[in-house]
Amino acid sequence: IMRDFVEEFKKKKRDRSIAAIVTIVATLLCANSPYTFLIFVPIVGFIIFSVKMWRCPNCDLYLGKARNLKICKACGEKLV
């Protein structure tokens, strides 16, 4: 049962990512101004930074949206 939940979660995450990328590309293609892409640069930069940096140093698992974590939920490594 847990394996099915994890697979479904990953599929929904992938679908949301694809939808976000398609939305950004469509907005850029339909924009009249050549500077419209500047709106998305900080947003995409923040997303990339969050995904790359907000990871456990021991198991490299993404820590999610939680704040002020003391330990990693996967491996129990102290984070603070």
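See the structure printed just above.
Residues numbered from 1 in each chain as written. Predicted model: local features only at pLDDT ≥ 70, side-chain atom pairs only at ≥ 80, totals over all residues. Heavy atoms only, no water.

Colleague: How should a positive patch on the surface be read in this particular structure?
Modeller: On the surface, a cluster of positive charge is contributed by Lys 10, Lys 12, Lys 13, Arg 16 and Lys 65. Relative to the helices and strands, Lys 13 is located in helix H1 (residues 2-30). (Patch = residues over 30% accessible without salt bridge, like charges linked within 9 Å, V, L, I, M, F, W, Y side chains within 5 Å. Areas by Shrake-Rupley, 256 points an atom, 1.4 Å probe, with all protein chains shown as cover. Salt bridge = Lys/Arg side-chain N within 4 Å of Asp/Glu carboxyl O. Lys, Arg positive; Asp, Glu negative; His and termini not counted. Charge placed at Lys NZ, Arg CZ, Asp CG, Glu CD. Helix = DSSP H or I, 4+ residues; strand = E, 2+ residues; numbered from the N terminus.)

Colleague: How should the layout of surface pockets be read in this particular structure?
Modeller: Take a probe with the size of a water molecule and roll it over the atoms, and the empty space left behind shows itself. The computed volume of the largest pocket comes to approximately 1100 Å³. Around the largest pocket, the lining is made up of 23 residues, and of these Lys 13, Ser 17, Val 51, Tyr 62 and Lys 65 lie nearest the centre. Elements supplying a minimum of two residues to the lining of the largest pocket: H1 and helix H2 (37-53). Tallying contributions element by element places H1 first for the lining of the largest pocket, with 9 residues. Taken together, the residues of the lining of the largest pocket break down into 14 nonpolar, 3 polar and 6 charged. (1 Å grid on protein atoms, 1.4 Å probe; cavity = no way out; pocket = protein on both sides within 12 Å on 5 of 7 lines; lining within 4 Å. Points joined across faces, edges and corners; volume = space filled by probe spheres on them. Nonpolar A, V, L, I, M, F, W, Y, C, P; charged D, E, K, R; others polar.)

Colleague: What is the right way to look at unusual backbone geometry in this model?
Modeller: Residues other than glycine predominantly adopt negative phi, and peptide bonds predominantly adopt the trans conformation. Notably, Asp 60 is not glycine yet its phi reads approximately 65 degrees, a positive angle. By the element assignment, Asp 60 lies in the segment after H2.

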